[in-house]
Amino acid sequence: MAAHQQNQINNQQNNYQHSAILATRVEKELFTQMSKLTFQNGEMTYHEMARIVSIRTKRSATSSTPTSENQHELPTIVVACAGTTDLFVAEEAAVTLELAGGVHVDRIYDVGVAGLHRIVKALPRLRSSHAVVVCAGMDGALPSVVAGLISAPVVACPTSIGYGASFGGMAALLTMLNSCAPGVGVVNIDNGFGAAALAYKCCVPPRS
């Protein structure tokens, strides 16, 4: 894996100066082993909550951070989650989007349907976004609520959080697949990376 990453970062130096190489689902113990490696052209970062290792060329690490001026010109993707136990999936999505570049990421956390006033309070931010990733476990109702209140596409990401009858996220997944709100796309359980990729493709034109 390390040799492959080194190979990729060397190629990236020449071809993709504003991108990052990602490794997902990396536990801290594995990163401890990886951190002993040295890269000729890249810098490695561990995003612990997201369980993502990112490797970027030294050039892209200094050049791809948006300034406050051009940040307003970028499409905004909101990453929302129902509860703090969904954070590991939401952060996987948010960090993936930030490392992809070309978008502004707005995090709205702990806004589940058990307290609807929280999502109502966040409506101005949700309605000004170009796409919204919604991560939720338990009954998985939050994406339908959000999609019924905004015009932007919603990417629903069920999480494995819940009690016995949630069946490891199956209950949330089925709820989201049966959403009556239009404009909802659903990814697999705990697939924050896939949710980010879909939202990104909704907002950013393909690179030539």
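Residues numbered from 1 in each chain as written. Predicted model: local features only at pLDDT ≥ 70, side-chain atom pairs only at ≥ 80, totals over all residues. Heavy atoms only, no water.

1. Side note on the packing of aromatic side chains
And then number 1: On inspection of all chains with the given rule, the structure shows 1 aromatic pair.
And then number 2: Taken together, a centroid distance of 4.7 Å and an interplanar angle of 10° make the contact between F31 and Y46 stacked. With a gap of 15 residues between them, F31 in helix α2 (residues 28-34) and Y46 in strand β2 (residues 42-47) connect regions that are remote in the sequence. (Phe/Tyr/Trp six-rings, centres within 6.5 Å; stacked < 30°, edge-to-face > 60°. Helix = DSSP H or I, 4+ residues; strand = E, 2+ residues; numbered from the N terminus.)

2. What to know about helix α10 (residues 192-203)
Working note: α-helix, 3.6 residues per turn, so residues spaced by three or four point in the same direction.
And then number 1: Given a rise of 1.5 Å per residue, 12 residues ought to cover 16 Å, and the 17 Å separating the end C-alpha atoms of α10 matches this to within 8%.
And then number 2: Buried residues of α10: G192, G194, A195, A196, A199, Y200 and C203, and no others.
And then number 3: On its buried face, α10 is in contact with β4 (76-81), α5 (87-100), β6 (131-136) and β7 (154-158). (Expected span 1.5 Å × (residues − 1). Buried < 20%, exposed > 50% of the residue type's maximum accessible area, 1.4 Å probe, protein only. Contact = heavy atoms within 4.5 Å.)

3. A closer look at the pattern of salt bridges
And then number 1: Taken as a whole and assessed by the stated rule, the structure comprises 7 salt bridges.
And then number 2: With a shortest N-O distance of 3.2 Å, D110 and R118 are connected by a salt bridge.
And then number 3: In this structure D110 comes out as partly exposed when scored by relative accessible area, which is 35%.
And then number 4: Bridged by salt links that share partners, the residues E91, E98 and R107 form one connected network. (Salt bridge = Lys/Arg side-chain N within 4 Å of Asp/Glu carboxyl O.)

That is the geometry; function is a separate question.
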